[in-house]
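# Chains, contacts and geometry: an overview
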Amino acid sequence: MGYAPGEIMACVAARELHDGEVVFVGIGLPNVACNLARATHAPGLVLIYESGAIGAQPARLPVSIGDPSLVTGSLMLCGMADVFQLFLQNGRIEVGFLGGAQVDRWGNINTTVIGDYASPKVRLPGSGGAAEIAIHARRTLIIARLHPRAFPAQVDFITSPGHRARGGTRAELGIPGAGPTRVITDKAILAANAASGELELAALYPGVTVEEVRRGVGWELVVRDALDEVMPPSVAELRLLRETLDPGGVPRVTGWYRGRVMRCGRGSVGCEAATEMIGNGAK
Amino acid sequence: MSKVVSMRDAIAEHVHDGDVLVIEGFTHLISFAAAHEVIRQRRRDLTLCRLTPDVIYDQMIAAGCAAKLVFSWAGNPGAGSLHAFRRAVESRPPTLAIEEYSHFGMVARFSAGAARLPFWPLNDYQGTDLPGVNPNIRSVTCPYTGTALATVPALNPDVTIVHAQRADAEGNAQVWGLLGVQKEAAFASQRVIVVVEELVPSSVIRADPNRTIIPGLIVDAVVVEPWGAHPSYAQGFYDRDNAFYVDWEAISRDPATLAAYLDEWVYGVADRAEYVRRQPELVARLAAKAAMSGEVSYGY
């Protein structure tokens, strides 16, 4: 069965989540991925949204991170001071989703500006909760579409730190979380080198060549000796996505890339501006 | 004593040119009715603070109310950009001053303000470039452990406006659903305006005191404004108007279209009641379906 890049990305992200884990969810693709995981192998996944919904079970795809469907049927609703202090800073979040206009070779993410901060070429939305998710979630998953401008060697602005920010490692900087363990793209999975923290090609999607991935990355990408195999979306996964979890709306979240597909997580609305920037060429 | 006044009087009395103004609400309960009245009364040189400037501040920036924006995420949630904001910040030179944090940083600023402390410590910002562009993000050495912590300064607004589902005439305000940072923002503020869907007798408030997030004793004015949060939403009353948020992408992209929107829907209406009257389809499209809570006993 054929599938869209967004569909395999949602499946790959869902497979990264373990039953019972506490996940800080973003809107768009991460939300679909979390619900796919709940509907398949991880029924006990706990969904936490920065808007204060703890243990949410949204009955529709939330358009925004504060959608009223996150409220109805939640386990707990709390103020945002509690979300950031009692859940995130407290170390209760096991997985955080992040996206961004730019992701660099160390997994640093930029959702703030393209160009100079004081006179930006493109002003992106900013951090939202992304900086502290990157710092405190025990591990993060980055969702981003491969493109050399989206994967530069160095981001213009570090909104959310990866494995090596401005020369310092996470340990040296005193950052509690482990950082981005996987970068889930539309063609492949990148993962950090355990020693250096540099992102490497770890797995290819079916039918994708190493060369295609290299073309989407703005640095000399290291390719691991043994690449993991990514299984295509199963018929069951695709059915769930198309008939139940992401059935409609124009376009579908996991449909072909058309702007909205990249709305994935707080910072990642920056993806949209990036997509737009890439589409228009640098102004 | 009743604090109930019209929106026109509340804004005229409590919001002045040059004020630090907060209209809070995280996606939920954003008082567009108050913002529109501020625009109609042509307030100028405001420092607007919010975690998410949202469409509401995009409109106020476009209307010329804002000199400065203090924020942590400036996008149109789920729909794209805030183009009036982007035009102001991307122009050479920028026409709007900005002071930028993360959500946790903004929440911490309100927490310090509410507790009347000069700053708030947080374990945050390691490895980010935010402190490099915002000198107000600093650090302190913990006197007990010796570890470095980030700090942000208290934010004490001149006036904070919050929308709530209901309040009594003295301003004891009850909110359910997403709570955002309204409690901290209100306690941090010099003056507080509460806007409600429904004015209720004090007996309703006293029957369920756990639901009160803002006590009347810190409230200066109460405004009764049904549908006052539209296109934001009020849990249990009406849904978010996601279609409008999507439309804002096209409206705000073109300054002339944006100006025409303000002419028709802000300057062109006397108040929120007229704004609602002119959109009779809102009820059928957005009125909430009931999902009642259980009851608890407060007896002893």
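Throughout, a residue's number is its position along its own chain's written sequence, starting from 1. Numbering of ligands from 1 and lettering of chains from A proceed in the order in which they are written. Per-residue local features are limited, in this predicted model, to residues with pLDDT of at least 70; the limit for side-chain atom pairs, both in listing and counting, is 80 or more; totals at the level of whole chains, interfaces and linings are taken over all residues.

The numbering of helices and of strands both runs from the N terminus, where a helix is a DSSP run of H or I of at least 4 residues and a strand a run of E of at least 2. Along its length, chain B carries twelve helices and twelve strands. Computation of the radius of gyration draws on C-alpha atoms alone. For the globule rule, the value is 2.2 Å times the number of residues to the power 0.38. Over its C-alpha atoms chain B spans a radius of gyration of 19 Å, differing by no more than 12% from the 19 Å that the globule rule assigns to 300 residues. In terms of overall dimensions, chain B has a C-alpha envelope of 60 × 55 × 35 Å along the principal axes. Here chain B holds 300 residues, and the buried ones make up 54% of them. The contacts in chain B between residues at least 6 apart in sequence include a share of 75% that link residues at least 24 apart. With C-beta atoms placed from the backbone, a residue is buried if 20 or more other C-beta atoms are within 10 Å of its own, exposed if 12 or fewer are, and partly exposed between those counts. Any residue pair is listed as a contact if its two C-beta atoms, each placed from the backbone, are within 7 Å.

Here the focus is the overall build of chain A. Within chain A, the secondary structure is distributed over eight helices and 16 strands. The buried share of chain A, taken over its 283 residues, is 58%. Long-range contacts, defined as pairs at least 24 residues apart, comprise 67% of the intrachain contacts of chain A with a sequence gap of at least 6.

Residues and elements named next belong to chain A. Of note, L98 is situated in strand β5 (residues 95–98). What makes L98 buried here is the crowd of 32 C-beta atoms within 10 Å. Sequence spacing of L98 and A131 is 33 residues, and the spatial spacing of their C-alpha atoms is 9.5 Å.

Let us now look at the pairing of strand β10 (residues 139–143) of chain A. Residues and elements named next belong to chain A. Taken across its five residues, β10 has four buried, putting it largely inside the fold. Two strands qualify as a pair provided that DSSP identifies no fewer than 2 bridges between them. By the bridge criterion, four bridges tie β5 to β10 in an arrangement that is parallel. Looking across to β10, one finds that L98 is bridged to I142. Alignment of β10 against strand β13 (residues 180–184), held across four bridges, turns out to be parallel.

Further remarks concern the nonpolar core. Counting 178 residues, the largest nonpolar core has A10, A13 and L36 of chain A together with A34, M60, I193 and V194 of chain B as its most contacted members. Discounting residues that sit within four places of it in the chain, V194 of chain B has contacts with V162, A164, A167, G171, A173, I214, V219 and V222 of chain B. By definition, a nonpolar core groups buried Ala, Val, Leu, Ile, Met, Phe, Trp, Tyr and Cys residues that are joined through C-beta atoms within 7 Å.

Residue and element names in this part refer to chain A. In the contact formed by helix α2 (residues 29–39) and helix α7 (residues 235–245), the axes pass within 11 Å of each other and the chain directions differ by 115°. Judged by the sense of rotation from one axis to the other, the crossing of α2 with α7 is right-handed. In this structure, α2 uses V32, N35, L36 and A39 to contact α7, whose residues at the interface are E237, L240, L241 and L245. Under this grouping Gly is polar, as are all residues other than the nonpolar Ala, Val, Leu, Ile, Met, Phe, Trp, Tyr, Cys and Pro and the charged Asp, Glu, Lys and Arg. In the contact of α2 with α7, the residues fall into six nonpolar, one polar and one charged. Axis definition: a line fitted to C-alpha atoms, limited for helices to the stretch in contact. Angles are taken between N-to-C directions and run from 0 to 180 degrees. The crossing is said to be left-handed when, going from far helix to near helix, the turn is anticlockwise and less than a right angle, and right-handed when the turn is clockwise.

A few words on the sheet that holds strand β5 (residues 119–122) of chain B. Residue and element names in this part refer to chain B. With antiparallel pairing, the three strands of this open sheet are ordered in space as β5-β7-β6. Both outer strands of the open sheet, β5 and β6 (138–141), are each paired with one neighbouring strand and no more. Averaged over all adjacent pairs, the angle separating strand axes in this sheet is 40°, with direction ignored. Note: β5 against strand β7 (residues 148–153), four bridges, orientation antiparallel. Each bridged residue has a counterpart across the sheet, and for P121 the counterpart in β7 is T151. In this fold helix α5 (residues 103–115) packs onto β5 and β7, with an angle of close to 140° to the strand it touches most, β5.

For the rest of this paragraph, the subject is helix α4 (residues 83–90) of chain B. Of all eight residues that make up α4 of chain B, seven are buried, and the element is covered over most of its length. Of the surrounding secondary structure, the elements contacted by the buried residues of α4 of chain B are β9 (120–123) of chain A together with α3 (54–62), β4 (97–100), α9 (242–253) and α10 (255–267) of chain B.

Attention now moves to α9 of chain B. Residue and element names in this part refer to chain B. Taking 1.5 Å of rise per residue, twelve residues should cover 16 Å, and α9 covers 17 Å from first to last C-alpha, within 8% of that figure. Of the positions making up α9, those classed as buried are Y245, W248, I251 and S252. All buried residues of α9 fall inside an arc of 110° around its axis, so they share one side. Buried residues in α9 make contact with α3, α4 and α10. What a helix should span is 1.5 Å times the count of its residues minus one. Working definition: the arc comes from the directions between the helix axis and the C-beta atoms, pointing outward to the latter.

Attention now moves to the environment of T95 of chain B. Residue and element names in this part refer to chain B. Relative to the elements of secondary structure, T95 occurs in the loop between α4 and β4. Of the residues examined, T95 has 14 C-beta atoms within 10 Å and is grouped as partly exposed. Between the alpha carbons of T95 and V224 there is a distance of 35 Å; along the sequence they are 129 residues apart.

Turning to the confidence of the model for chain A, a few remarks are in order. Per-residue confidence for chain A averages 88 on the pLDDT scale, and 88% of its residues sit at or above 70. Note: pLDDT gives the predictor's confidence per residue, expressed from 0 to 100. Within the model, the stretch residues 256–283 of chain A combines pLDDT values under 50 with 88 contacts to residues more than four positions away or in other chains.

On to unusual backbone geometry, then. Residues and elements named next belong to chain B. Across the junction of R92 and P93, the peptide omega takes the value -10°, indicating a cis bond. Structurally, P93 is set in the loop between α4 and β4. With an omega of 10°, the peptide bond running from H230 to P231 counts as cis. Within the secondary structure, P231 is located in the loop between β12 (221–224) and α9. Backbone geometry places T27, a non-glycine residue, at a positive phi of 65°. The phi angle at D45 is positive, at roughly 60°, despite the residue not being glycine. Counting through the fold element by element, D45 comes out in the loop between α2 (32–40) and β2 (46–49).

Bringing the packing of α2 of chain B against α10 of chain B into the picture now. Residues and elements named next belong to chain B. Following both chains from N to C, one finds α2 and α10 inclined at 105°, their axes separated by 10 Å at the closest point. Relative to α10, the element α2 lies roughly perpendicular. The residues of α10 that touch α2, namely those facing H36, I39 and R40, are L262, V266 and Y267. Classifying every residue of the contact of α2 with α10 gives four nonpolar, one polar and one charged. Note that the term roughly parallel is reserved for angles under 35 degrees, roughly antiparallel for angles over 145, roughly perpendicular for angles of 65 to 115, and oblique for everything else.

As a further point, take the pairing of strand β1 (residues 20–23) of chain B. Residue and element names in this part refer to chain B. As paired elements, β1 and β2 share three bridges and run parallel to each other. The partner of L21 across the bridge, within β2, is L48. Summarising the sheet, β1 and strand β8 (residues 159–167) pair through three bridges and their orientation is parallel. Across the sheet, the residue bridging to L21 is V159, located in β8.

Residues and elements named next belong to chain A. With respect to the helices and strands, the residue E7 is situated in helix α1 (residues 5–15). Residue class for E7 comes out buried when judged on the 26 C-beta atoms lying within 10 Å of it. For the pair E7 and T254, spaced 247 residues apart in the sequence, the C-alpha separation amounts to 4.9 Å. Other than its neighbours up to four places away in sequence, E7 contacts P233, L238, L241 and T254.

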